[in-house]
Amino acid sequence: MSPSRSLAMAAALFAAGFSLPAVAQSQFELSAGPSWTRDNESTAVIAAAWMPTFRPITNATLRWEIGVLHVRGRDDTRYDLADDVTVGHVGMRYERTDNGLTLGFGVGAQSGHTDALSGDPQFISTAGWRWDRFSLLARHISNASIHQPNDGETMLVAAWRF
């Protein structure tokens, strides 16, 4: 396991252990949907996130997002996309309470390697809408051209909050 992956896993475990008293007040989100990369190569993606409230704002809530995304590998493509890639990440989400607008940004470390997700760090951006416990989100994962190739993954996921 690479040092960056070990560090990301240790940070996630530390954050989870440090915040156990807050778990009863936190919110968990599960999501799934399709993901696309170059030439519309598609695959399935699933994700889970713990999203405790950081700060309420007028007509909005700012939340921590500590989660993991799993992008299934693809066969029969001319690109190197066969590996499954899992990205552990931490970031923030801004959620409007009056109209449901949701925006987020995070940074993560990956396990697995493809032409689409080719090296740490990975940046995760999110935009979508939320209706009570259900959300529809467009997400993009990329390393911002730090490592090449840099195709990234763009996904449309449906999410349910517990």
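Our subject in this report is the structure included herewith. (Residues numbered from 1 in each chain as written. Predicted model: local features only at pLDDT ≥ 70, side-chain atom pairs only at ≥ 80, totals over all residues. Heavy atoms only, no water.)

Scanning the protein chain from terminus to terminus reveals 1 helix and 9 strands. Secondary structure elements of the protein chain, listed N to C terminal, follow the sequence α-β-β-β-β-β-β-β-β-β. Out of the 162 residues belonging to the protein chain, those deemed buried represent 42%. The contacts of the protein chain with a sequence gap of at least 6 include a subset with a gap of at least 24, amounting to 51%. With an accessible surface of roughly 8600 Å², the protein chain has 63% of that area assigned to carbon and sulfur atoms. (Helix = DSSP H or I, 4+ residues; strand = E, 2+ residues; numbered from the N terminus. Buried < 20%, exposed > 50% of the residue type's maximum accessible area, 1.4 Å probe, protein only. Contact = heavy atoms within 4.5 Å. Areas by Shrake-Rupley, 256 points an atom, 1.4 Å probe, with all protein chains shown as cover.)

Turning our attention to unusual backbone geometry. Omega for the peptide link from Asp 120 to Pro 121 comes to -5°, which places this bond in the cis form. Of note, Pro 121 is situated in the loop between β6 (101-111) and β7 (122-131). For the bond from Gln 148 to Pro 149, the omega torsion is -5°, close enough to zero to count as cis. Along the chain, Pro 149 turns up in the loop between β8 (134-142) and β9 (153-161). The backbone of Asn 59 sits at a positive phi, close to 60°, despite the residue not being glycine.

Mapping Gln 110 onto the fold places it in strand β6. Polar side-chain contacts of Gln 110 include one of 2.6 Å to the backbone oxygen of Gly 112. Reaching out from Gln 110, the side chain makes a polar contact with the backbone nitrogen of Gly 119 at a distance of 3.4 Å. (Polar contact = N/O pair within 3.5 Å; in protein donor to acceptor, adjacent residues only side chain to side chain.)

Let us now look at a nonpolar patch on the surface. A cluster of nonpolar side chains, Phe 28, Leu 30, Trp 36, Trp 129, Trp 131, Phe 134, Leu 136, Leu 156, Trp 160 and Phe 162, forms an exposed patch at the surface whose accessible area comes to about 1000 Å². Those elements that place two or more of their residues in the nonpolar patch are β1 (28-37), β7, β8 and β9. Among the elements that take part in the nonpolar patch, β1 stands out by supplying 3 residues, more than any other. One can find Phe 162 in the segment after β9. (Patch = residues over 30% accessible without salt bridge, like charges linked within 9 Å, V, L, I, M, F, W, Y side chains within 5 Å. Salt bridge = Lys/Arg side-chain N within 4 Å of Asp/Glu carboxyl O.)

Turning our eyes to something else, we now look at the packing of aromatic side chains. Within this structure, the stated rule accounts for 3 aromatic pairs. Ring geometry for Phe 54 and Trp 64: centres 5.2 Å apart, planes at 80°, overall edge-to-face. In this pair, Phe 54 sits in strand β3 (residues 53-57) while Trp 64 sits in strand β4 (residues 60-71), placing the two residues 10 residues apart along the sequence. Measuring from centroid to centroid gives 6.1 Å for Trp 131 and Phe 134, while their planes differ by 20°, and the two rings are stacked. On the basis of relative accessibility, which here comes to 48%, the residue Trp 131 falls in the partly exposed class. (Phe/Tyr/Trp six-rings, centres within 6.5 Å; stacked < 30°, edge-to-face > 60°.)

The side-chain alternation of β9 yields one buried face, formed by Glu 153, Met 155, Val 157, Ala 159 and Arg 161, and one unburied face, formed by Thr 154, Leu 156, Ala 158 and Trp 160. Where β1 lies against β9, 6 bridges are found, and the strand directions are antiparallel. Its bridge partner lying in β9, Ser 31 is registered against Ala 159. Across 8 bridges, the pairing between β8 and β9 is antiparallel. Along β9, the bridge assignment pairs Ser 135 with Ala 159. (Pairing = 2+ DSSP bridges.)

Scanning the entire structure with this criterion turns up 11 salt bridges. The salt bridge involving Glu 29 is made with Arg 93; its shortest N-O contact spans 2.8 Å. Linking Glu 29 in strand β1 with Arg 93 in strand β5 (residues 85-96), this pair joins segments that are 64 residues apart in sequence. Three or more residues joined by partner-sharing salt bridges are found here, namely Glu 29, Arg 63, Glu 65, Arg 93, Glu 95, Arg 130, Arg 139 and Arg 161.

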